[in-house]
Number of protein chains: 2
Amino acid sequence: MIEQEEGGTRIVIEGVKPEIDGGQFSIKRIIGDRVVVEADIFADGHDALSAVLLYRRESDPNWTEVPMEFLVNDRWRGSFVVAEIGRHRYTLTAWIDKFKTWRQNLAKKAEAKQDVSIDFLEGAHLIKEASQHATKRDKQTMQGWVESLHSNKKRKSTKTKLALSDKVAALMVKYSDRRFATTYAKELAIVIDREKARFSTWYEMFPRSCASEPGYHGTFKDCEARLPYISEMGFDVLYFPPIHPIGYASRKGKNNVSKAKSGDPGTPWAIGSDEGGHKAVHPQLGTLEDFRRLITKAQEYGIEVAIDLAFQCSPDHPYVKEHPDWFRWRPDGTVQYAENPPKKYQDIYPLEFETDSWRNLWEELRSVVVFWIEQGVRIFRVDNPHTKPFAFWEWLIGDIKQDYPDVIFLSEAFTRPKVMYRLAKLGFSQSYTYFTWRNVKWELMQYLTELTQTDVQEFFRPNLWPNTPDILSDYLRDGGRPAFMIRLVLAATLGANYGIYGPAFELCENRRKDTVSEEYLDSEKYEIKHWDIENPNSCRSFITRVNHIRRENPALKSDLSLCFHSVDNEQLICYSKRTEDLSNVILVVVNLDYQYKQSGWVDLSLEELGLVPGQSYKVRDLLADATYQWQGRQSYVELDPQKIPAHIFRVHRDKLPRSNRASIIM
Amino acid sequence: MIEQEEGGTRIVIEGVKPEIDGGQFSIKRIIGDRVVVEADIFADGHDALSAVLLYRRESDPNWTEVPMEFLVNDRWRGSFVVAEIGRHRYTLTAWIDKFKTWRQNLAKKAEAKQDVSIDFLEGAHLIKEASQHATKRDKQTMQGWVESLHSNKKRKSTKTKLALSDKVAALMVKYSDRRFATTYAKELAIVIDREKARFSTWYEMFPRSCASEPGYHGTFKDCEARLPYISEMGFDVLYFPPIHPIGYASRKGKNNVSKAKSGDPGTPWAIGSDEGGHKAVHPQLGTLEDFRRLITKAQEYGIEVAIDLAFQCSPDHPYVKEHPDWFRWRPDGTVQYAENPPKKYQDIYPLEFETDSWRNLWEELRSVVVFWIEQGVRIFRVDNPHTKPFAFWEWLIGDIKQDYPDVIFLSEAFTRPKVMYRLAKLGFSQSYTYFTWRNVKWELMQYLTELTQTDVQEFFRPNLWPNTPDILSDYLRDGGRPAFMIRLVLAATLGANYGIYGPAFELCENRRKDTVSEEYLDSEKYEIKHWDIENPNSCRSFITRVNHIRRENPALKSDLSLCFHSVDNEQLICYSKRTEDLSNVILVVVNLDYQYKQSGWVDLSLEELGLVPGQSYKVRDLLADATYQWQGRQSYVELDPQKIPAHIFRVHRDKLPRSNRASIIM
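Note that the structure is predicted; figures quoted are calculated from it, not measured. (Residues numbered from 1 in each chain as written. Chains lettered and ligands numbered in written order. Predicted model: local features only at pLDDT ≥ 70, side-chain atom pairs only at ≥ 80, totals over all residues. Heavy atoms only, no water.)

Q: Outline the pattern of salt bridges, supporting the account with residue identities and numerical values.
A: With the rule as written, the count across this model stands at 112 salt bridges over all chains. Between R56(B) and E187(B) there is a salt bridge, with its nearest N and O atoms 2.6 Å apart. Here R56(B), found in strand 4 (residues 49-57), pairs with E187(B), found in the loop between strand 9 (182-183) and strand 10 (188-193); they are 131 residues apart in sequence, far enough to count as distant. Residue R381(B) is joined to D383(B) by a salt bridge in which the shortest nitrogen-to-oxygen separation is 2.7 Å. Comparing R381(B) with D383(B) shows no difference in burial state: the two are buried. Connected via shared salt-bridge partners are R10(A), D44(A), D47(A), K98(A) and E354(B). (Salt bridge = Lys/Arg side-chain N within 4 Å of Asp/Glu carboxyl O. Helix = DSSP H or I, 4+ residues; strand = E, 2+ residues; numbered from the N terminus. Buried < 20%, exposed > 50% of the residue type's maximum accessible area, 1.4 Å probe, protein only.)

Have a look at this one:
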């Protein structure tokens, strides 16, 4: 209930956008973005209002102020550009503008030729009051105006002209009376990231499978030799599954059989052994120094190395002995291993976050992150974050990013939608998505629209993966090479962030372990592979082309402009992305059918493409290197999955004929 | 940023519905309503959760608790019935339910025939822990279960049966461990009103025009004589424009001319003279005692008297001399009268809420409300609330309803949508709407859907008025008697709350003062009228019939179930309302064309009407007293505005044939 003390303020500020969950969470932007803020701002009565948008670095107590403009229906808008990474804040202030009110009323009365002599005195009074707070020079100017409005010698028209002049308005804005201003109750937060948080091209690779010859355990040095290959394809993030010592107890064998044979390397996610835990490097990969050198070398190729944060332990992890209180013990004196009844994962001990020692546990895990940051890592892929408390992640990510605002966290939470969104809200920079299983047109359209055209886009940055070491989808299994090409184009053009698990992907590996799971046959998770990367059937050159198109076309570096267009064939999907200034417009058509040629008529929203009806335009296919002259909304397309299953067009507007230009200006 | 101290809690409660503006405002319900609350409730990991909904009277610190049930996609639902008027609170609590988790896992493992011997020990441990907080008797029972689960003599199947039994589950719910429960951060508020806040039938009348013979000033005694007329028509709220002394200074003459002639009575909204202010009665109407007697008399006819709260003054109001600081003074020593440049209202002085003495002003206005409550008034129509501060109304209404929870405030704010909604949110029980100007099908559908089928319905109770003393719409002016009948049916069936300004309405008064405004010719606002209420062309009997239908059919007593159905004719509008249990289903078809007969096919959403495809049903027209046998979605309708321009059907389901009943059960 309202207190009488609030009687002085009359303004309501509500419906602020963007604002996530009543301001509980930050919105996300990248450096250089223009942050546009809108709000409903209104008061009782008919007085004129003024409003400003305020913003600041979180660590800087001083606000910068920009005026807001009135739109319609009590809606106001303002914007600012953020030029620094890190946390920022924004809020709004609005006030009853007595001078603006007076000025508007005077104009109406003057036009109706009413007596305004008392109005002049009222205006003079307002100017005099404002002048009390003015600089010496402005004060003098304002006093001159006060005298003019009081003067009996000046004519009504002269006074009116003065009262309505821009110079008077400008100084009255400068010294506006904000004693009863209303400031929005919340200081909303923005996390500003570097560009890679929004636009990144990931390549996941098991370093142990990189040896130049079969039968050897790959090393970080072998990875160095693989850098040109990865860089040429156009990837800029190289993500490694866990690189730590692997446990021996209950180690899984090839194809996930419960007992490993001698020599089986085990899964890298069973972290920790006598050789060390989360801060150690698996000896067969090399040394910590080798790893640091790989990071440096990768930078020369424009590649950042990302590692896996998998907060779980093998039974041999040093934590088990050193911190038994971080695990859950059963009545028979054993540690509770991971299970999802009736499934059992005896080679993995989850950490028990409900332990009384959770403060130590949190601090230790934070120190793991800091350790790898100190080795040069700035991107972390986080394994199963949804099985650790939300509060832990919110604290960890907030804390790390305060010291290292350039760090990027990718959430690998293939779980229920609200849990995925919560993880994104509380701080993850990017998130895996359901894209992996969305294959038909309506579900792709519905899902990508939800991700990019609703409030979700304020906090959730999708990272689209056609495959992962855990997931060989039915579509890829069944569709072979055309399916891999289709899914690649979709991931790379629907998602400014996307990634593949290679070389399985470019080599179109599509053999499943069995008919019930999505597991690869002879999964790299349980054995060392030797991939024939020079295989002539590799999609390598196609991927290279697509990634080149991504780099060259700024429209593809964000998901915010994604717009779907109609096609009269359910197997063809059509969408566009564009830069805000329309200088770069990309139109994509993909045949979702990996078997048959499909054709149809696209029906384009011309406005989305920056075109006007009647204007002809060229579309240049950046994949096939062919140019077509189109006109109007409808065009015929035909795509053969056995050749190239997609068009990636760049749209070039022709110059408008004179007659049309006139009609646009109107 | 999260504090480490929150490390113990793992549950998120969000997306709570209903919740207005993050809990800033109350939702509204009436006594006996079932309040349904939903929320997204989830935690990390795969543990099972339990959740309860809590509610209490605001003045009672003790919560009542009801279990919530899981729906789908992390959504939970609970509900409770409120049996008392006044402010109530509700919130939610959820916790990780370790026993439920254990029970679910045990069931899966047992089904997979896995070894569960250690699981029994874990379950025993959970039961033992819970038993520490149990009553002596329950503790004994639970200790027995602990022993059974530990016992080597019991068979696995016996232990499993015990562990999964309902009796164990029930006691474990009773003593569930809520130490780490998460309680929703907000205690959301509900205002519970009496039924009239949702269902009311208003009749606005100028008491001074009620004299039995022309040429006399009507009195409260004359109003008493009018009560049978109003009651017979079926109205239950009789609303009077201001009944206070009227000012003489700058008094307006007939048809709003700026200088009154001698004997002109002035407008009742120019409140105050030497004869008194807002707490006085206009002497020509009678005495305060007469007014109180009228209230009592009206009650005998089932009618409540509502008065106008018009917080403004004539220049002669005692406040002007006693409290000059409550007005705005101009530099020439005069008080600022109301103006909306270039329009001037010299007979009205607005109160200056920006005065330094606003506390006194607020208290005085509160005392005005209390004064009339003490005379027996419980319903107030508030004039132009949007020209007084929001904070004032929030305080006033909150404060009054704390002492008098049965008071109803109707907001007369014909202004911008966000301002109207704000006034409703901050406490007004009912609100005037744009219905007055919504005449064509799409705009009626769009607007009523917004009011009744979105979050707006949580706080905004529409009160639909086809006319007011200020507004004679184009539609009524042009359409004559059929238009009045059409607008009456729409108002009375679209709005559970509706009202008319009579006798102008029932007598189909449609003469405009001029072509530029919506003012009546010879408006009753500026002169005393003598209405010929016995005129045979009166719509009186039609109104009587419609109001009778409203009273007899509970479906029409709420707007929440409003649903529009398709008709293949833009001049025909079709909609239904129903009770929750489908025992009363009303289907309305209105011809919006006051000139011509219109016909078409309605296409009904059968499910909304509680019907199944293939089921035949009767529709009884309660206006024409005719019954039709219908079947399926489509039916032909034809309405002649010169006869009866609407159907108000009650839908009666026939008994289902046997075959269909089976298919429904499936």
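On we go.
Q: Explain the packing of aromatic side chains to me, and be specific about the residues and the numbers.
A: One pass over the structure, following the stated rule, counts 84 aromatic pairs over all chains. Ring plane angle 50° and centroid distance 6.4 Å describe the contact between F80(B) and Y90(B), whose orientation is recorded as tilted. On the criterion of sequence distance, the pair formed by F80(B) in strand 7 (residues 75-81) and Y90(B) in strand 8 (residues 86-96) is long-range, its members being 10 residues apart. Residue classification places F80(B) among the buried positions, given a relative accessible area of 3%. With a relative accessible area of 0%, Y90(B) lands in the buried category. A centroid spacing of 5.9 Å and a plane angle of 85° characterise the contact between Y421(B) and F459(B), whose relative ring orientation is edge-to-face. Remark: F459(B) occurs in the loop between helix 12 (441-453) and strand 21 (462-464) and Y421(B) occurs in helix 11 (residues 417-425); sequence separation between them is 38 residues. The same class applies to Y421(B) as to F459(B), namely buried. In this structure an aromatic cluster arises from ring pairing among F311(A), F353(A), W358(A), W362(A), F380(A), F392(A), W393(A), W395(A), F409(A) and F428(A). In this arrangement the basic side chain of K425(A) is found over the ring face of F459(A), its NZ or CZ atom lying 5.4 Å from the centre. (Phe/Tyr/Trp six-rings, centres within 6.5 Å; stacked < 30°, edge-to-face > 60°. Lys NZ or Arg CZ within 6 Å of the ring centre and 35° of its normal.)

Q: How would you sum up empty space enclosed by the protein? Please name residues and give values.
A: A water-sized probe, rolled over the atoms, reveals where empty space remains. Residue and element names in this part refer to chain A. Within the structure shown, the criterion is met by 5 cavities of 30 Å³ or more. A volume near 170 Å³ is recorded for the largest cavity. In terms of lining, the largest cavity is formed by 14 residues, of which the most central are R198, Q457, F460, R461 and L560. Residues belonging to the lining of the largest cavity are distributed by class as follows: 4 nonpolar, 4 polar and 6 charged. One number sums up the size of the second largest cavity: a volume of about 90 Å³. If you go around the second largest cavity, you meet 13 residues; those closest to its centre are R208, P242, I246, P268 and L285. Counted by class, the lining of the second largest cavity contains 9 nonpolar, 3 polar and 1 charged residues. (1 Å grid on protein atoms, 1.4 Å probe; cavity = no way out; pocket = protein on both sides within 12 Å on 5 of 7 lines; lining within 4 Å. Points joined across faces, edges and corners; volume = space filled by probe spheres on them. Nonpolar A, V, L, I, M, F, W, Y, C, P; charged D, E, K, R; others polar.)

Q: Mind laying out the sheet that holds strand 26 (residues 598-603) of chain B, listing which residues take part and the relevant values?
A: All names here are of chain B. Ordered in space as 28-27-30-25-24-23-26-29, the 8 strands form an open sheet in which the pairing is antiparallel. Each having just a single partner strand, strand 28 (626-631) and strand 29 (634-639) make up the two edges of the open sheet. With direction set aside, neighbouring strand axes in the sheet form an average angle of 30°. Strand direction decides the pairing type here: strand 24 (residues 572-578) and strand 25 (residues 585-591), joined by 7 bridges, are antiparallel. Along strand 25, the bridge assignment pairs C574 with V589. (Pairing = 2+ DSSP bridges. Axes fitted to C-alpha atoms, helices over the stretch in contact; angles between N-to-C directions.)

Q: For the relation of the copies chain B and chain A, give the residues involved together with the corresponding values.
A: Mapping chain B onto chain A is achieved by rotating through 180° and translating by 0.0 Å along the same axis, at an RMSD of 0.1 Å. In short, the pair behaves as if placed about a two-fold rotation axis. The C-alpha atom lying nearest the rotation axis in chain B is that of G22(B); the distance is 3.2 Å. The share of interface residues of chain B whose copies in chain A are also at the interface is 100%, consistent with both copies meeting through the same surface. (Least-squares fit on C-alpha atoms with pLDDT ≥ 70 in both. Contact = heavy atoms within 4.5 Å.)

Q: Outline the pairing of strand 7 of chain B, listing residues and values.
A: All names here are of chain B. Of the pairings in the sheet, the one linking strand 3 (residues 34-43) to strand 7 comprises 7 bridges and is antiparallel in character. If you follow R34 over to strand 7, its bridge partner there is V81. Strand direction decides the pairing type here: strand 6 (residues 69-70) and strand 7, joined by 2 bridges, are antiparallel. Within strand 7, the residue paired with F70 across the bridge is W76. Here strand 6 folds back onto strand 7 in antiparallel fashion, the turn holding 4 residues, of which N73 has a positive phi close to 50°.

Bear in mind that shape data such as this cannot, by itself, settle questions of function.
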